[in-house]
Amino acid sequence: MTGPGGRGARRGTRGDEAVIQALLSGPLSAKTRVDAALGPLTSYRVGGSASALVVVNDRGEVAALCEALCSSQECARTPVAVIGRGSNLLVSDDGFAGLAVMLGPGFSKVSIAETTVAAGGSAKLPVVARASVSAGLSGFEWAVGVPGSVGGAVRMNAGGHGAEIRDSLIDAELIDLRNGALFSRSNDGLEFGYRTSSVDTAELVLGARFELSRAAAAAGSARLAEIVAWRRANQPGGHNSGSVFSNPDGDSAGRLIETVGAKGLRIGTAEVSRKHANFIQADDDGRAADILSLMAELRRRVLERHGIELQFETQLLGFDEPDASDDWDPRAAGNACGAKDARGAGNACGAGDARGAGNACGAKDACGAGDARGAGNACGAGNAYGAGDARGAGNACGAKDACGAGNTCGEGAAPADSGGCADGNGSR
Ligand SMILES: Cc1cc2nc3c(=O)[nH]c(=O)nc-3n(C[C@H](O)[C@H](O)[C@H](O)COP(=O)(O)OP(=O)(O)OC[C@H]3O[C@@H](n4cnc5c(N)ncnc54)[C@H](O)[C@@H]3O)c2cc1C
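The rules behind the values
- Residues numbered from 1 in each chain as written.
- Predicted model: local features only at pLDDT ≥ 70, side-chain atom pairs only at ≥ 80, totals over all residues.
- Helix = DSSP H or I, 4+ residues; strand = E, 2+ residues; numbered from the N terminus.
- Buried ≥ 20, exposed ≤ 12 C-beta atoms within 10 Å, placed from the backbone.
- Contact = placed C-beta atoms within 7 Å.
- Pairing = 2+ DSSP bridges.
- Axes fitted to C-alpha atoms, helices over the stretch in contact; angles between N-to-C directions.
- Parallel < 35°, antiparallel > 145°, perpendicular 65-115°, else oblique.
- Nonpolar A, V, L, I, M, F, W, Y, C, P; charged D, E, K, R; others polar.
- Near = placed C-beta within 6 Å.
- Core = buried A, V, L, I, M, F, W, Y, C linked by C-beta atoms within 7 Å.
- Expected span 1.5 Å × (residues − 1).
- pLDDT = per-residue confidence, 0-100.
- Arc of directions from axis to C-beta.

Colleague: Could you clarify how one ought to interpret the overall build of the chain in this entry?
Modeller: Summing up its helical and strand segments, the chain has 8 helices and 20 strands in all. For the chain, buried positions account for 53% of its 428 residues. Contacts spanning at least 24 positions in sequence make up 54% of the contacts within the chain whose residues lie at least 6 apart.

Put into structure tokens, the structure is as follows:
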């Protein structure tokens, strides 16, 4: 495992190794890269490597992938992550200890029959939008400015300009990577919510069908041009992943972030866009840790000022991997992106390593904690954003706010503060 800020792959599990060996010795050997850099596959352009990356380009290769994953006794132990166009992903600087899976260009076909558009999982959304307009169809124009893939958009129920994937989707074809089961899931079965769906981590969307309506191609082209112009005027370029937070009911995350004076706020290599406050831009040589700390700081400020807990829209990868021997169920936690075991925690996104915490029940917000090994008792901690290292803290009950604490090893009671903010426990 590399240290904080490192760029290598995390050490894999025994499951990883068995599966990677199966891949390297089978028909996908030429399609498998060990210690594969994930940062360049994302729009943030930050983050470390996966234990291995496999790019599958046809159904035979998908079947071979499932075979390699499932033939191993260690199948259930191998963390798997699907990467689309990486436009909504933040990968940890430490990388991802597991197998990253991508669909190649063989899954990018778009075909149109009457008013039905069928698109492969790796098809680019702007391509689908333009193809449907050229065919005299309307209903997908909104996607022209969203730089994701069809698979990623189905998983995220992507949307914009008053429409979203669920409005036109008929069904999607998926494969469960853990058992090779191929199946179709209807619009209802996908259980779309705001930027959510029922697509599970180990399910790969191979393609989807959309039902659009007939419209004059000229009107569609004008709408595409309008949307592209709006994006250019209102959203930044550079390395970002679109909206960092989803909009809370009846409000906009960007507006809330502006009210706390965070436009242009910078932590290390990451900066809140001056053009759109719900976008974070990373420098050319950026670090995921800086982006995560900035996210945490924005959440802290908005919570403090408005009492609203912003929820991550950006998906976090590699900040912690579940141990499959545990009965791990991220859905049981309110918001536990990447946290290993955060049952009952309100928000525990991106906790790097919280193994062995004796008791972390009811922690409301623990974003970006780097390492909290062995904390004896952290019940009811209100907010612990960005804590660098909290090893062996004997008792941290009731600490309200410990943002950016660098090191709290072996503290008997409330954490010490080597910088940043430490509200609520009187040690600012
Ligand atoms: C400049 C910019 C503007 C954006 N504007 C918008 C917007 O207006 N509206 C909006 O909703 N989003 C927007 N986004 C975010 C992003 O483009 C969408 O969420 C998009 O749908 C993500 O697709 P992706 O292929 O990049 O997925 P990734 O970022 O690669 O992955 C996102 C999630 O989808 C999963 N996934 C990816 N592919 C598959 C697949 N084939 N099968 C199963 N799961 C898969 C991943 O595991 C991950 O959980 C924007 C991003 C940027 C950079």
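Next comes the rest of the account.
Colleague: It is not clear to me how the sheet that holds strand β3 (residues 80-83) should be interpreted in this structure. Could you clarify?
Modeller: Remark on secondary structure: sheet strands pair via backbone hydrogen bonds, oriented parallel or antiparallel. On the basis of which strands lie adjacent, the open sheet formed by 4 strands has the order β1-β2-β5-β3 and mixed pairing. One side of each edge strand has no neighbouring strand; the edge strands of this open sheet are β1 (32-37) and β3. Along the sheet, successive strands turn relative to each other by an average axial angle of 35°, direction set aside. Taken together, the 5 bridges between β1 and strand β2 (residues 49-56) define a ladder with antiparallel strand orientation. From the neighbouring strand, Val34 faces β2, where its bridge partner is Ala52.

Colleague: Just checking my understanding: could you explain the packing of helix α3 (residues 125-134) against helix α6 (residues 217-234) for this structure?
Modeller: Any two packed helices are characterised by how steeply their axes cross, that is the angle between the axes, and by the distance between the axes. Their axes nearest at 8 Å, the elements α3 and α6 cross at an angle of 155°. By the angle between their axes, α3 is roughly antiparallel relative to α6. Two secondary-structure elements touch here, α3 through Ala129, Arg130, Val133 and Ser134 and α6 through Ala217, Gly220, Ser221 and Leu224. Taken together, the residues of the contact of α3 with α6 break down into 4 nonpolar, 3 polar and 1 charged.

Colleague: What should I look at first to understand the site of the ligand in this one?
Modeller: Lining the immediate surroundings of the ligand are 33 residues, of which Gly84, Gly148, Gly151, Gly152 and Gly242 lie closest. Mapped onto the shell around the ligand, the elements with two or more residues apiece are β3, α4 (150-156), β9 (159-160) and β13 (203-211). The leading source of residues in the shell around the ligand is α4, at 5 residues. Each residue belonging to the shell around the ligand can be placed in one class, and the counts come to 13 nonpolar, 17 polar and 3 charged.

Colleague: For this particular structure, what's the right way to read the sheet that holds strand β16 (residues 266-267)?
Modeller: Read across the sheet, 3 strands follow the order β16-β17-β18 without closing on themselves; strand pairing throughout is antiparallel. In this open sheet, the two edge strands, each paired with only one partner strand, are β16 and β18 (280-282). The pairing of β16 with strand β17 (residues 270-272) spans 2 bridges and is antiparallel. Residue Arg266 lies in a different strand from β17, and its bridge partner there is Glu271. Along the sheet, helix α8 (residues 288-306) makes contact with β16, β17 and β18, crossing β17 at roughly 30°.

Colleague: Which parts of the structure should I look at to understand unusual backbone geometry?
Modeller: Excluding glycine, residues mostly have negative phi values, and the peptide bonds linking residues are mostly trans. Positive phi values are uncommon outside glycine, yet Glu191 reaches one of about 45°. Assignment of secondary structure puts Glu191 in the loop between β12 (182-186) and β13. On the basis of neighbour counts, which here come to 13 C-beta atoms within 10 Å, the residue Glu191 falls in the partly exposed class. At Arg195, a residue that is not glycine, the phi angle is positive and equals roughly 60°.

Colleague: Looking at this structure, I do not really get the nonpolar core. What am I missing?
Modeller: One broad rule of soluble globular proteins: the nonpolar side chains tend to lie buried together. One finds Val54, Leu65, Ala100, Val101, Val154 and Ile291 to be the most contacted residues of the largest nonpolar core, which totals 99 residues. Filtering out sequence-adjacent residues up to four positions away, Val101 remains in contact with Val54, Val56, Leu65, Val80, Val82, Leu177 and Leu204.

Colleague: Explain the environment of Ala215 to me, please; I cannot follow it from the model alone.
Modeller: Residue placement: Ala215 occurs in the loop between β14 (213-214) and α6. Separated by 82 residues in sequence, Ala215 and Val133 have C-alpha atoms that sit 8.1 Å apart. Apart from residues lying up to four places away in sequence, Ala215 is in contact with Gly136, Leu137, Ser138 and Gly220.

Colleague: Please clarify how the environment of Pro79 should be interpreted in this entry.
Modeller: With respect to the secondary-structure elements, Pro79 resides in the loop between α2 (59-71) and β3. For Pro79, a count of 25 C-beta atoms within 10 Å corresponds to the buried category. Note: C-alpha distance between Pro79 and Ser51 (28 residues apart in sequence) is 9.9 Å.

Colleague: How should α8 be read in this particular structure?
Modeller: The α-helix winds at 3.6 residues per turn, so residues separated by three or four positions along the chain end up facing the same way. In a regular helix each residue adds 1.5 Å, so 19 residues correspond to 27 Å; α8 covers 27 Å between its end C-alpha atoms and thus fits that length. The positive-phi residue at the C-terminal boundary of α8 is Gly307, with phi of around 70°.

Colleague: So what exactly am I meant to see when it comes to the confidence of the model for the chain here?
Modeller: Per-residue confidence for the chain gives a mean pLDDT of 78; residues scoring 70 or more make up 70%. Confidence over residues 1-8 falls short of pLDDT 50; this stretch has 22 contacts with residues more than four positions distant or in other chains.

Colleague: When you look at α3 in this model, what are you seeing that I'm missing?
Modeller: Within α3, the full set of buried residues consists of Leu125, Val128, Ala129, Ser132 and Val133. Along the axis of α3, the buried positions cluster into a sector of 130°, meaning they face one direction only. Against the buried residues of α3 lie β6 (110-113), β7 (116-120), β8 (137-138), α4 and α6.

Colleague: It is not clear to me how the environment of Ala119 should be interpreted in this structure. Could you clarify?
Modeller: Position of Ala119 among the secondary structure elements: in strand β7. With 28 C-beta atoms packed within 10 Å, Ala119 lands in the buried category. Residues Ala119 and Arg209, spaced 90 residues apart in sequence, show a C-alpha to C-alpha distance of 6.4 Å. Ignoring anything within four residues of it in the chain, the contact list for Ala119 reads Val110, Val128, Val150, Gly207 and Ala208.

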